[in-house]
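# Secondary and tertiary structure notes
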There are 2 protein chains.
Amino acid sequence: MRPKIFLFGDSITQDSFAEGGWGASLANHFSRTVDVVLRGYSGYNTRWVLKVLEKVFAATQHGDGGINGAPVAITIFFGANDACLPDRYGAFQHVPLLEYKQNLHSIVSFFVQWPTTHILLITTPPIDEEARLRYPYAYNPQGLPERTNEAAGEYATACIAVAEECGVPVIDLWTKMQQCPDWRKEYLCDGLHLTQSGNRVVFEEVILKLREKGLSLEAMPVDLPLLADIDPNDPLKSFQ
Amino acid sequence: MRPKIFLFGDSITQDSFAEGGWGASLANHFSRTVDVVLRGYSGYNTRWVLKVLEKVFAATQHGDGGINGAPVAITIFFGANDACLPDRYGAFQHVPLLEYKQNLHSIVSFFVQWPTTHILLITTPPIDEEARLRYPYAYNPQGLPERTNEAAGEYATACIAVAEECGVPVIDLWTKMQQCPDWRKEYLCDGLHLTQSGNRVVFEEVILKLREKGLSLEAMPVDLPLLADIDPNDPLKSFQ
């Protein structure tokens, strides 16, 4: 049975199999070693996630026969919606910072049922507020962005704190992306979601963190003989 | 438990999660409805596949609890390697036409264990022989292509015959692609494997065939409420 990596998150996860997406890149990278399973829920915050956690992973808990169905790793990538400001048009998605921290703790704790699973937190990316004004997803009579980069940074910091408290690795996407001077255009397509370059950053950071946990192409068994390992003079020998 | 679609084939399947790949496009299309599971084995022909069929699908048969683990659909996309010529450098992958037909029959028959699964055959794409000379994958002192378009066409015809005999749908990729005058450059990157345009053709054809079997986005249940269906004034109502 092939190992699985679950990608659990909001729209930045749900969209990760679009062209150049970080999820598709992971599936391609691990094409003969790991199944990458998409569990992205566009618009979801951690408050909503807590209501559906059991349901999302019920089949994995039961259908696959318990621990055998546990993934080798799971990325948990929530916060961009929690960080919507409480007095703007995205308020219905807003979750206060302290509750976000508690919720993220609860989400990580849920996966304690899989003691062998590597949990990887990912912070919200930075926000380009001007671009958010150009790409509102609802009527915006205030003319103000529904998210700010400062608020996103606070949720990123909270996510990092939860990772430290839980002893799990974290990708600080908020900081990492802003190390590129042209991050707004290079990594974000609408001030929030990722360009292909932005997806590339997530892919490379995830690969790096997985490798640190021993989950690399070289370390994982390949599903069936590779063509390069099949003897052209006696191919069937590989299949005995 | 989310329905699954298995992609079972050779390198054209294994590579289908690369940028613009047809597998990734399927996973993106069905991001909230179906898990797309990659089972691509580069270089494999139907003779080798018969040796590993049980192993490839053992977890699906047993680990997932029998019929519950059966996919809603499976694409079977073999023939490009069988069609390697028997007197060229790819001879070790060659499978005679009659055996190819019999093998493909056996592969389709294997999935009778899943009576609700829609089986979809896909023929080998056409071959650009000049490009194959520019992109050999082994030492080629003969200076002749290891595949020809004519031979590929015979295997495509055999695949179509098997589909008819088994009463399952088939995508005639060999014919479909050659309807484009510039098919060699438009759809093939090395005379055999697919460009992003070529991947697009496969994606669209698969979507079309699945739709004919009732497997469309509109017809399939969405995993958890969509953001557009959540009441901004009372979001938690959707999660009761």
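Cut-offs applied
- Residues numbered from 1 in each chain as written.
- Chains lettered and ligands numbered in written order.
- Predicted model: local features only at pLDDT ≥ 70, side-chain atom pairs only at ≥ 80, totals over all residues.
- Heavy atoms only, no water.
- UniProt positions renumbered as here; feature names shortened; annotations may be inferred.
- Buried < 20%, exposed > 50% of the residue type's maximum accessible area, 1.4 Å probe, protein only.
- Helix = DSSP H or I, 4+ residues; strand = E, 2+ residues; numbered from the N terminus.
- Pairing = 2+ DSSP bridges.
- Contact = heavy atoms within 4.5 Å.
- Buried area = accessible area lost by both parts, 1.4 Å probe.
- Salt bridge = Lys/Arg side-chain N within 4 Å of Asp/Glu carboxyl O.
- Polar contact = N/O pair within 3.5 Å; in protein donor to acceptor, adjacent residues only side chain to side chain.
- Nonpolar A, V, L, I, M, F, W, Y, C, P; charged D, E, K, R; others polar.
- Axes fitted to C-alpha atoms, helices over the stretch in contact; angles between N-to-C directions.
- Left-handed = near helix turned anticlockwise from the far one by under 90°.
- Patch = residues over 30% accessible without salt bridge, like charges linked within 9 Å, V, L, I, M, F, W, Y side chains within 5 Å.
- Areas by Shrake-Rupley, 256 points an atom, 1.4 Å probe, with all protein chains shown as cover.
- Lys, Arg positive; Asp, Glu negative; His and termini not counted.
- Charge placed at Lys NZ, Arg CZ, Asp CG, Glu CD.

Named according to an unreviewed UniProt entry, chain A is SGNH hydrolase-type esterase domain-containing protein originating from Glycine max. What UniProt states about chain A under its Sequence similarities (unreviewed entry) heading is, verbatim, "Belongs to the 'GDSL' lipolytic enzyme family."

### With respect to the pairing of strand β1 (residues 4-9) of chain B
Residue and element names in this part refer to chain B. In terms of residue burial, β1 counts as a mostly covered element, since six of its six residues are buried. Across the two faces of β1 the burial is the same, with K4, F6 and F8 and I5, L7 and G9 all buried. For β1 and strand β2 (residues 35-40), the ladder comprises six bridges, and the chain directions are parallel. Counterpart to K4 in the pairing with β2 is D35.

### Quick notes on the interface of chain A and chain B
Interfaces are frequently sized by the accessible area removed from exposure as the parts join. Each partner contributes residues to the interface: chain A has 44 residues there, and chain B has 44 residues. A buried area of about 3,800 Å², summed over both sides, lies between chain A and chain B, and 64% of it is on carbon and sulfur atoms. Counting the surface chain A buries against chain B, the share from its top three residues, L224, L227 and F239 of chain A, is 16%. Along the contact surface separating chain A from chain B lie two salt bridges. When the shortest N-O distance is used, the salt bridge between D35 of chain A and R39 of chain B registers 2.8 Å. The tally of links between chain A and chain B comes to eight residue pairs in polar contact (both at pLDDT 80 or more). Elements with a contribution of two residues or more to the side of chain A that touches chain B: α2 (22-29), β2 (35-40) and α3 (46-63) of chain A. Looking at side-chain class alone, the side of chain A that touches chain B contains 22 nonpolar, 11 polar and 11 charged residues.

### Quick notes on the side chain of Q93 of chain A
Looking at the element boundaries, Q93 of chain A is found in the loop between β3 (73-77) and α4 (97-110). Here the side chain of Q93 of chain A touches G43 of chain A through a polar contact of 3.0 Å, landing on its backbone oxygen. Setting aside anything within four residues of it in sequence, one finds Q93 of chain A in contact with G43, N45, W48, N81, D82, C84 and Y137 of chain A together with L227 of chain B.

### A few points about the packing of helix α4 (residues 97-110) of chain B against helix α6 (residues 149-166) of chain B
All names here are of chain B. Across the interface, α4 lies against α6 with an axial gap of 10 Å and an inter-helix angle of 35°. Two packed elements cross with a definite hand, and for α4 against α6 that hand is right-handed. Counted together, L97, Y100, K101, L104, H105 and V108 of α4 and E154, Y155, A158, C159, A161, V162, E165 and C166 of α6 form the full contact between these two elements. Class assignment for the residues of the contact of α4 with α6 results in 10 nonpolar, one polar and three charged.

### Brief notes about a negative patch on the surface
Residue and element names in this part refer to chain A. A cluster of acidic residues, E129, E130, E150 and E154, forms a negative patch on the protein surface. Sorting the residues of the negative patch by element identifies α5 (129-134) and α6 (149-166) as the ones contributing at least two each. Within the secondary structure, E150 is located in helix α6. Given a relative accessible area of 62%, E150 falls into the exposed group.

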